[in-house]
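# Observations on chain architecture
In case you want the letters, here they are:
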Amino acid sequence: MVELDGGVSMTAKELIARLTSLPPETPVLVEGYETGFDDIVDLTTEQVIRYRHAQEWDGEYQTLDRFTRPATGVQQAVVIRGRRGHRR
């Protein structure tokens, strides 16, 4: 593992172990937008909806709290979180 900014990045072995514990049909999403790469620090489970009107800067999926009346098509997904994803 490589240590950056006081934290430890997730290894392939750790990521595989976490993903293997999920149902095989679970969608896996990543944080998007902007440039560069970050260490993977966590996987979280989110309820999401495909955002039909996504602009190029939007993610293809949005969490339910982004909509006043969520449409059909709610999915449970796993999101791979990077070290600075909360800043997006």
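On to the pairing of strand S6 (residues 75–82). In the case of a regular strand, side chains alternate between the two sheet surfaces. As defined by bridge partners, strand S3 (residues 28–30) adjoins S6 across three bridges and the pair is classed as parallel. Bridge assignment links Val-28 to a residue of S6, and that residue is Val-78. Looking at chain direction, strand S4 (residues 40–50) and S6 are connected through eight bridges and run antiparallel. By the bridge assignment, Thr-44 is partnered in S6 with Val-79.

A complete count under the given rule lists one aromatic pair for this structure. Taken together, a centroid distance of 6.0 Å and an interplanar angle of 65 degrees make the contact between Tyr-51 and Phe-67 edge-to-face. Note that Tyr-51 is positioned in the loop between S4 and strand S5 (61–63) and Phe-67 in the loop between S5 and S6, a separation of 16 residues in sequence.

Moving on: the sheet that holds S5. The four strands lie next to each other as S3-S6-S4-S5, forming an open sheet whose pairing is mixed. On the outer flanks of this sheet lie S3 and S5, each paired with one strand and no other. Neighbour-to-neighbour, the strand axes of this sheet turn through a mean angle of 55 degrees, independent of strand direction. Bridge count for S4 against S5 is three bridges, and the pairing is antiparallel. Bridging from a neighbouring strand, Ile-49 pairs with Gln-62 of S5. Most of the contacts of helix H1 (residues 12–20) go to S4, to which it runs at about 35 degrees, and overall it touches S3 and S4.

We now examine the pattern of salt bridges. A full pass over the atoms with the stated rule returns four salt bridges. Here Arg-18 makes a salt bridge to Asp-42, at a shortest N to O gap of 3.3 Å. Separated by 24 residues along the polypeptide, Arg-18 in helix H1 and Asp-42 in strand S4 bring together distant segments of the chain. We classify Asp-42 as partly exposed; its relative accessible area is 31%. The partner of Arg-50 in a salt bridge is Glu-60, with the nearest N and O atoms 3.1 Å apart. Linking Arg-50 in strand S4 with Glu-60 in the loop between S4 and S5, this pair joins segments that are 10 residues apart in sequence. Residue Glu-60 is classed as exposed on the basis of its relative accessible area, which comes to 52%. One network of salt bridges, in which partners are shared, links Glu-31, Glu-46 and Arg-81.

What counts, and where the lines are drawn
Residues numbered from 1 in each chain as written. Predicted model: local features only at pLDDT ≥ 70, side-chain atom pairs only at ≥ 80, totals over all residues. Heavy atoms only, no water. Pairing = 2+ DSSP bridges. Helix = DSSP H or I, 4+ residues; strand = E, 2+ residues; numbered from the N terminus. Phe/Tyr/Trp six-rings, centres within 6.5 Å; stacked < 30°, edge-to-face > 60°. Axes fitted to C-alpha atoms, helices over the stretch in contact; angles between N-to-C directions. Contact = heavy atoms within 4.5 Å. Salt bridge = Lys/Arg side-chain N within 4 Å of Asp/Glu carboxyl O. Buried < 20%, exposed > 50% of the residue type's maximum accessible area, 1.4 Å probe, protein only.

These figures come from the coordinates and say nothing about function on their own.
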